Amino acid sequence: MTSDFPWRAGTATGVGSYPGDDPAEALRIVLGELPELPHLPELPARGPGADLTGRTAGLLVDLPVRVEPSGWRFSDRPGRDTLRSHDHLARDLDVLEEVAGGHDGPFKIQVCGPWTLASTIELRHGDRALKDPGAVRDLVASLAEGVAAHVADVRRRLPAARVVVQFDEPGLPAALAGTVPTASGFSRLRAVEAPVAEDALRQVIEAADAYPVVHCCARNVPYGLLRGAGAKAISVDLGLVPRRDDDAVGETIDAGVGLFLGAVPGTDAALPSLQATAAPVKELWRRLGFPAAQLAKQVVITPACGMAGASPRYVRAALKRCRDTARMLYEGAE
C-alpha cells in the first residue's frame, strides 16, 4: 500500500459547487474553512457556462458548444455561450491567483469527466454524444488536451501548490448500466462496455498529469474501474455506500487509494453532534477491519455532494463540520 497522499492526516475538503456568484468571496470561505486541502469553487448560479457541463465544455479544444432549450450541444463555431464559459473560468483563475497565489500545499480543481460530459452534451442533430462512439473518441481526445492546458494554467498561477484534479463522473454508472435516456426520453442508450469506459477515463487522467481524484455521487460506484483508470482517490457520498459494496471499498483501501467520504449533508439540514457525524465513517472502517490509525491518513471528509443549493450560512457550518470531523478522527486515532 502506498501512503503518498498529498494531504495531511485529518483533512477535509469540498466537492465543488457553492451558492452565490462572487468567486472571490467563495474562495476566501474555502481557504478559511478548508486550509489543508482548499479547492476552486464552482458557482453555477452565474448561469450557463458556470454549470458542471458548460464549465468543462469550455475547456474542449476545437469542439465549440452552444446552449439549446434541451441543454448543451456541439456547434459549428464558437459563439457567445463558449465565450461565456471561457470568461467565467478566466475570472475564476484570475481571482485564484490574486487570493491564493502563495498557497504551498495541495489544491484541488474540478472538471467534468468524459462519460458524464458525453451523457449531457448533444450532437448537432440532437442525440447525446454518448450514442456515437466516434463522437465520444473525439470528445475524449479534446477533453484530454483541454484539461492538460487547464492544469498547466493553474500551476502557473499557483507555482508552490500540488495540483489535485477531481474528475466528476456522476453519470458514469448510468452509462455503464445502459440507463441514459435518449434525446426523446422514450428509449435508453446502449450500455458502455467497462473496458471502453476505463480506457477513456484513463486517457484524460493521464493527460492531466496531476494527482487524480474521481468523484461519483451516485449509487453503484465502479470502484475497480476507477482504480484501473488511474484514480488515486475516489470521492463518494457516504450515505449512498451500501454494505454490498464492502468488498469493493475494502479492495480500494487495501490498494492504497484514498477515499473522500461525503459525511455532511450538501444542502441545508440540522447537523447532528460531531460524534454522530463521524460515526458512519468509523463504522465503515471498523466493519472493513482496517487499523484505526490508517483512517485519518487515507480518508478525507467532504460534504455529500456539491453545495450550490445550500444557503451561505449553512455552507460555512457544513465546511466547519467537515473540518472538525476530520480532526476528531485524527485525534481519536492517536
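A few points on the structure.

Cut-offs and rules
Residues numbered from 1 in each chain as written. Predicted model: local features only at pLDDT ≥ 70, side-chain atom pairs only at ≥ 80, totals over all residues. Heavy atoms only, no water. Helix = DSSP H or I, 4+ residues; strand = E, 2+ residues; numbered from the N terminus. Buried < 20%, exposed > 50% of the residue type's maximum accessible area, 1.4 Å probe, protein only. Contact = heavy atoms within 4.5 Å. 1 Å grid on protein atoms, 1.4 Å probe; cavity = no way out; pocket = protein on both sides within 12 Å on 5 of 7 lines; lining within 4 Å. Points joined across faces, edges and corners; volume = space filled by probe spheres on them. Nonpolar A, V, L, I, M, F, W, Y, C, P; charged D, E, K, R; others polar. Phe/Tyr/Trp six-rings, centres within 6.5 Å; stacked < 30°, edge-to-face > 60°. Pairing = 2+ DSSP bridges. Expected span 1.5 Å × (residues − 1). Polar contact = N/O pair within 3.5 Å; in protein donor to acceptor, adjacent residues only side chain to side chain. Axes fitted to C-alpha atoms, helices over the stretch in contact; angles between N-to-C directions. Parallel < 35°, antiparallel > 145°, perpendicular 65-115°, else oblique.

Quick notes on the environment of L271
Logical step 1: Relative to the assigned elements, L271 resides in the loop between β7 (258-264) and α10 (274-288).
Logical step 2: Note on L271: relative accessible area 27%, which makes it partly exposed.
Logical step 3: Separated by 43 residues in the primary sequence, L271 and Y314 have C-alpha atoms spaced 9.7 Å apart.
Logical step 4: In contact with L271, not counting residues within four places along its chain, are V264, P265, Y314, A317, A318 and R321.

Regarding empty space enclosed by the protein
Logical step 1: As enumerated under the stated definition, the model contains two cavities of 30 Å³ or more in all.
Logical step 2: In this model, the largest cavity occupies a volume close to 60 Å³.
Logical step 3: Here the lining of the largest cavity takes three residues from strand β3 (residues 106-112), the largest share from any one element.
Logical step 4: Classifying every residue of the lining of the largest cavity gives five nonpolar, three polar and two charged.
Logical step 5: Of the pockets and cavities examined, the second largest cavity occupies roughly 30 Å³.
Logical step 6: Around the second largest cavity sit P23, L27, L40, P41, D92 and V95, which together line it.
Logical step 7: Among the secondary structure elements, those contributing two or more residues to the lining of the second largest cavity are α1 (23-33) and α3 (80-100).

Quick notes on the environment of L176
Logical step 1: With respect to the element layout, L176 can be found in helix α6 (residues 172-177).
Logical step 2: The sequence separation of L176 and S75 amounts to 101 residues, and the corresponding C-alpha distance is 27 Å.
Logical step 3: When sequence neighbours within four positions are dropped, the list of residues in contact with L176 reads A191, V192, E193, A194, A197, P222 and L225.

Brief notes about the packing of aromatic side chains
Logical step 1: Following the criterion strictly, the structure yields four aromatic pairs and no others.
Logical step 2: Where F5 meets W7, the ring centres are 5.0 Å apart and the plane angle is 10°; that geometry is what we call stacked. W7 carries the same exposure label as F5, and that label is buried.
Logical step 3: Here W285 and F290 contribute two aromatic rings whose centre-to-centre distance is 5.6 Å and whose plane-to-plane angle is 50°, an arrangement assigned as tilted. In this pair, the class of W285 matches that of F290, namely buried.
Logical step 4: These aromatic residues form a ring-pair network of at least three members: F5, W7, Y211 and F260.

Details of the pairing of strand β2 (residues 71-74)
Logical step 1: Across four bridges, strand β1 (residues 65-68) lies against β2 in antiparallel orientation. From the neighbouring strand, R66 faces β2, where its bridge partner is R73.

A few points about helix α5 (residues 133-157)
Logical step 1: The first and last C-alpha atoms of α5 sit 36 Å apart over 25 residues, in line with the 36 Å expected at 1.5 Å per residue.
Logical step 2: Where α5 starts, the residue carrying a side-chain oxygen 2.9 Å from the main-chain nitrogen of G134 turns out to be D132.

Here's the deal with the packing of helix α9 (residues 246-254) against α10
Logical step 1: Taken N-terminus to C-terminus, the directions of α9 and α10 make an angle of 85°; their axes are 10 Å apart at the nearest point. Of the possible angle classes, the one that applies to α9 and α10 is roughly perpendicular. For the pair α9 and α10, the contacting residues are D246, V249, G250 and I253 in the first and L284, W285, R287 and L288 in the second.
Logical step 2: Of the residues in the contact of α9 with α10, the class split is five nonpolar, one polar and two charged.

Some remarks on the side chain of T302
Logical step 1: Mapped onto the fold, T302 is located in strand β8 (residues 299-303).
Logical step 2: The class for T302 is buried, based on a relative accessible area of 1%.
Logical step 3: A polar contact is formed between the side chain of T302 and the backbone nitrogen of G262, at a distance of 3.5 Å.
Logical step 4: Not counting the four nearest positions on each side in its chain, T302 is found in contact with T13, V15, F260, L261, G262, A263, V264 and C322.

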